[in-house]
Amino acid sequence: MFFIDTVETEGLGNRSYLAGGGATAFVVDPPRDIDRLITVAARRGVRITHVLETHVHNDYVSGGLELARVTGARYLVPADARVRFTRTPVADGDTVEIEEGLTLRAVATPGHTPHHTSYVLQEDGHGVAAFTGGSLLIGSVGRPDLVEPRLTEWLARAQHASAHRLADELDDTVPVLPTHGFGSFCSSAQAEGDSTTIGHERKSNSALTMDVDSFVADMLAGLDDIPAYYAHMGPRNAAGPDPVDLTPPQPADAGEIAERLAGGEWVVDLRSRMAFAEGHVAGSFNFEADGKPGTYLAWLIPWGKPVTLLAESPEQLAEAQRELVQVGIDRPAAAAVGNPVEWVREGDELQSFPRSTFAGLADARRTGGEPVVLDVRRDSERADGHVEGSLHIPIHRLHSRIGEVPAGRTVWVHCAGGMRAAIAASMLAATGREVVAVDDAFDAAGEAGLALAGADRT
């Protein structure tokens, strides 16, 4: 009898797995904070004997090396992956016994990376689960453009072949257990649904329903920008990541916060976008803890710049630290917890800006105020429709292109739902611009009477 437990890293849109039998277990694609996996294993009463990587990850720092060290497990990494640490190389067709009657079989599935390897869990020789990493996902596959631009088309074709290999070798009832696809930018499309099987993917996944040329053309046309911090993840994983330190950062008082801002460092307020808009430290940026602070902060910040975190509770700070280490922001320079009035020096005031809706924007346009409308969605989102006359700067490009936003006029900034608009509004407010954050779903723009342009618009 076997078990499979899923360990979610929601901020990254990824999953890791702890699986095994009555006494021993293995882990697939572990996150950086390995204590979560150790806790799950302890609750199961099993010993982790093997740690497996499907590939050298580009979207997060792996906890695999440290988990293997702490537990004494064998660390299995695809043989063709270029890494600078001791590991057990795994090649196509290799099998590993977990315990009697329970084995893992390595299946070469290049495409997401050239060395990508999936693992089929076999019970008494029969496949019962497929850990597919960044190969076959729910309704899609992992993107092929993260390694080297000259390899992208070849890898896309390899993804098609790898998906077919898995479908050909496994029964329809076998569960597909991917690492990416639940919000991760490593996926070529996002998952529709929470679980799947080989049989379901055979009917619905474009890699299995389209011919290779059509599939490759469609995939390459749909690829979006790569998060900037990905450039640092692969090399770090190949070198062998250090253990994490999740102890509380050095506390910062109002004077130190002001000094860090004056020195050009980033001060990040983790509170909700509503609370931030009502009152915040001038010059601070809002990456709310309930959004994806790790992904977007790592994408936007100049790499290596010190970060000071402002949180309303120790729990909020601890959760943010846990998310940030996943993307290589290991230690905040300092932190403050509590009420924002405590974060400004005596005599200084908190800043604020208004929030509104698309209906409010429509009213502002009708009154003749000529506001600047800034759309911070990605290119692919804007292509599906946008507010006529709006300026478009995707959120991940705003820091370097903020000079393109006109000064002297109110800037109404929007995204698809409000979170990215809040980040952008905080960045604009830090430059002294007058901003309004549109905290509304983009579907409401047309309903509010705003003229829309783009796909299927007239």
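Residues numbered from 1 in each chain as written. Predicted model: local features only at pLDDT ≥ 70, side-chain atom pairs only at ≥ 80, totals over all residues. Heavy atoms only, no water.

1. Thoughts on the sheet that holds strand β15 (residues 334-337)
Right, on to step 1. Across the sheet, which stays open at both edges, the four strands sit in the order β13-β12-β14-β15 with parallel pairing between neighbours. The outermost strands of the open sheet, each flanked by one partner alone, are β13 (285-286) and β15.
Right, on to step 2. In terms of strand pairing, strand β12 (residues 266-269) meets β13 through two bridges, oriented parallel. By the bridge assignment for β13, Asp269 is matched with Asn286.
Right, on to step 3. The sheet contacts of helix α11 (residues 314-326) involve β14 (307-311) and β15, and relative to β14 the element is tilted by about 145 degrees. (Pairing = 2+ DSSP bridges. Helix = DSSP H or I, 4+ residues; strand = E, 2+ residues; numbered from the N terminus. Contact = heavy atoms within 4.5 Å. Axes fitted to C-alpha atoms, helices over the stretch in contact; angles between N-to-C directions.)

2. A short note on helix α1 (residues 35-44)
Right, on to step 1. Along α1, the residues classified as buried are Leu37, Val40 and Ala41. Seen along its axis, α1 keeps its buried residues to an arc of 100 degrees; they face one direction. More than 90 degrees from the buried face of α1, the exposed residues found are Ala42 and Arg43.
Right, on to step 2. Buried residues along α1 sit in contact with β1 (3-9), β2 (14-20), β3 (24-28), β4 (47-52) and α2 (64-71).
Right, on to step 3. Positive backbone phi, at 75 degrees, marks Gly45, one or two positions downstream of α1. (Buried < 20%, exposed > 50% of the residue type's maximum accessible area, 1.4 Å probe, protein only. Arc of directions from axis to C-beta.)

3. Some words on the packing of aromatic side chains
Right, on to step 1. Taken as a whole, this structure holds 11 aromatic pairs when the rule is applied.
Right, on to step 2. Arranged with centres 5.7 Å apart and planes meeting at 20 degrees, the rings of Tyr75 and Phe85 form a pair that is stacked. Taken together, the positions of Tyr75 in strand β5 (residues 74-78) and Phe85 in the loop between β5 and β6 (88-90) put the pair 10 residues apart, joining distant regions of the chain. By the burial criterion, Tyr75 is buried, and Phe85 matches it.
Right, on to step 3. Ring geometry for Tyr296 against Trp299: centres 6.1 Å apart, planes inclined by 15 degrees, an arrangement best described as stacked. Here Tyr296 and its partner Trp299 are both found in helix α10 (residues 293-300), three residues apart, which amounts to about one turn of the helix. (Phe/Tyr/Trp six-rings, centres within 6.5 Å; stacked < 30°, edge-to-face > 60°.)

4. Concerning the sheet that holds β4
Strand pairs in the sheet, formed through backbone hydrogen bonds, run parallel or antiparallel to each other.
Right, on to step 1. Pairing is mixed across the open sheet formed by six strands, whose spatial order is β1-β2-β3-β4-β5-β6. Of all the strands in the sheet, the pair left with one neighbour each is β1 and β6. Strand-to-strand twist in this sheet, taken as the mean axis angle between neighbours without regard to direction, amounts to 25 degrees.
Right, on to step 2. Of the pairings in the sheet, the one linking β4 to β5 comprises three bridges and is parallel in character. Bridged to His50 within β5 is Arg74.
Right, on to step 3. Sitting on the sheet, α1 touches β1, β2, β3 and β4, and the angle it makes with β1 is about 155 degrees.

5. Brief notes about the pattern of salt bridges
Right, on to step 1. Here the structure, examined in full by the defined rule, presents 33 salt bridges.
Right, on to step 2. One salt bridge in this structure joins Glu169 and Arg105, with 3.2 Å as the shortest N-O distance. Residue Glu169 is located in helix α3 (residues 152-169), and its partner Arg105 is located in strand β8 (residues 102-108); the two are separated by 64 residues in the primary sequence.
Right, on to step 3. Asp375 is the salt-bridge partner of Arg377, the closest N and O atoms lying 2.8 Å from each other. For the pair shown, Arg377 and Asp375 are each scored as buried.
Right, on to step 4. Bridged by salt links that share partners, the residues Asp33, Asp35, Arg36 and Arg322 form one connected network. (Salt bridge = Lys/Arg side-chain N within 4 Å of Asp/Glu carboxyl O.)

6. Looking at the nonpolar core
Right, on to step 1. Counting residues in hydrophobic clusters, the biggest one holds 52 residues, and the most contacted among them are Phe287, Leu297, Leu300, Leu309, Leu374 and Leu398.
Right, on to step 2. Leaving out residues up to four positions away in the same chain, Leu300 has contacts with Trp266, Phe287, Ile395, His396, Ile423 and Met427.
Right, on to step 3. Within the second largest apolar cluster, 21 residues are counted, among which are Val27, Leu67, Ala68 and Val83. (Core = buried A, V, L, I, M, F, W, Y, C linked by side-chain atoms within 4.5 Å.)

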